[in-house]
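Structure assessment
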Amino acid sequence: MGLSPSREPVGFGIELELVGLPRHFERDDAESKWKHYQSCYDALEAAMEKSGIATTSIIFDRKGRFKKYPQNYQSWYLTYDTSIVGRNKYEAVPMEIVSRTFEIPQKDWMVELGVFWDAFFTVFEMETSNEHCGSHVHVAPLGSAYDMSTLRQIAYAVIIYEKHVLEILPESRRGCHYCLPNTSVSPALKQLFRHGRNQKSYVQLRSELNDIDTPGELCIYMQGGQDGSRNVLWNFKNLEGSKGTIEFRGLPGIRSAEETIHWVLFAIGFLLLAEEEDEFGSNMPFTYVGPGTDKLRQRTEELWTRIRQCCINRLTAKWNLPSDYENMLDEESRPLVRSGSRSSLRSSLGSVSSSHSSVSLALH
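Criteria and thresholds
- Residues numbered from 1 in each chain as written.
- Predicted model: local features only at pLDDT ≥ 70, side-chain atom pairs only at ≥ 80, totals over all residues.
- Heavy atoms only, no water.
- Axes fitted to C-alpha atoms, helices over the stretch in contact; angles between N-to-C directions.
- Helix = DSSP H or I, 4+ residues; strand = E, 2+ residues; numbered from the N terminus.
- Parallel < 35°, antiparallel > 145°, perpendicular 65-115°, else oblique.
- Left-handed = near helix turned anticlockwise from the far one by under 90°.
- Contact = heavy atoms within 4.5 Å.
- Nonpolar A, V, L, I, M, F, W, Y, C, P; charged D, E, K, R; others polar.
- Buried < 20%, exposed > 50% of the residue type's maximum accessible area, 1.4 Å probe, protein only.
- Pairing = 2+ DSSP bridges.
- Salt bridge = Lys/Arg side-chain N within 4 Å of Asp/Glu carboxyl O.
- Phe/Tyr/Trp six-rings, centres within 6.5 Å; stacked < 30°, edge-to-face > 60°.
- Lys NZ or Arg CZ within 6 Å of the ring centre and 35° of its normal.

**Some points on the packing of helix α1 (residues 33-50) against helix α2 (residues 108-123)**
- Packing of α1 against α2 leaves a shortest axis separation of 9 Å and a crossing angle of 140°. The angle between α1 and α2 places the two elements in the oblique class. Note that α1 runs across α2; the crossing there is right-handed. Along the contact surface, α1 presents Cys40, Ala43, Leu44, Ala47 and Met48, while α2 presents Phe116, Ala119, Phe120, Thr122 and Val123.
- Its residues assigned to classes, the contact of α1 with α2 shows nine nonpolar, one polar and no charged.

Written out as structure tokens, the structure reads:
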């Protein structure tokens, strides 16, 4: 079964791309950058372990080669990403932080994210913003896989609300090479909308989705053939293997626990709302509105309100999304808060569990 409108648990994991400036030690002139990175990753791993977060950092060899991701995601993982570049290329330490698998509606995930950010800021300062950094959320039902009925509902919502989601994203992520709109990448969708979006094309969209029988076929439809790019806003490629996740790649470079929670709630809330409202199965006409119009803003506000309510109903979210989606846009430019994230989260949500729940699904 796929997710049902009941409070069936949802699993997710998040990948954070960050550039840190070490607080307590400088790179020696004779030190290789790989050794410098290793020292920094080890320091962050130690800070996280001290805070009660099970963590594994990569190990470089002399040529900068490193171990791949672990086979499961029951602990956090620190690794290197070649696509991330810091402004201060000598001192800056690029990294990708891969979380363990979390389960919702359990609330300790919010607190644990706060603990992570406290640990991060004990080791690093952060550049104010970095357009090379993005973040990704992987989502899947726990204890089962997405069924095709649910996947069709999600795929249809991804397409009809594509402009609305882009409206919510920061400018740095709109048209970014690593999270292109699915309709701009998929040959099938480009062919479908070659004469624009209208009632006829949406009727045809329903028909084409109905003809899709497997997750692999859906992935090809949504983002191209076997060699199709995973650098799309909603990545369906992980549905084909044992991971079974849908990946939302539109997140900006995140810089706080609050931002992390907000974007996780948005990604999961959108997917749950797509199933709950089932616009695909309703056969109701959908009227397209173009970018840059008051009507698009109005519809985006309405969608945002429904996602927020879905988070309350389905995720029992103590911290919810901001009341206005434009607050998400403002988060990128706000001054950094380097301390207190753990205390504020704990006062609202309680203490992080010392023994985290084990989830067998690999969600990344």
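**Observations concerning the pairing of strand β4 (residues 93-98)**
- With six of its six residues buried, β4 lies for the most part within the structure.
- Alternating positions in β4 separate into two faces, Val93, Met95 and Ile97 on one and Pro94, Glu96 and Val98 on the other, with burial throughout.
- Where strand β3 (residues 76-79) lies against β4, three bridges are found, and the strand directions are antiparallel. In the sheet register, Thr79 faces β4, and the bridge partner there is Glu96.

**What to know about the pattern of salt bridges**
- Using the criterion set out here, one finds 11 salt bridges in the structure.
- For Asp108, the salt bridge is made with Arg100, and the minimal N-O distance between the two is 3.5 Å. Of the two residues, Asp108 and Arg100, both sit in the buried class.
- Through salt bridges that share partners, Arg100, Asp108 and Glu112 make up one connected network.

**Looking at the packing of aromatic side chains**
- Applying the stated criterion to the full structure yields 23 aromatic pairs.
- Taken together, the aromatic side chains of Phe12, Trp76, Phe102, Trp109, Phe116, Trp117, Phe120, Phe121 and Phe124 make up a single cluster linked through ring pairs.
- The ring centre of Phe193 lies 4.6 Å from the NZ or CZ of Arg197, which sits over that ring.

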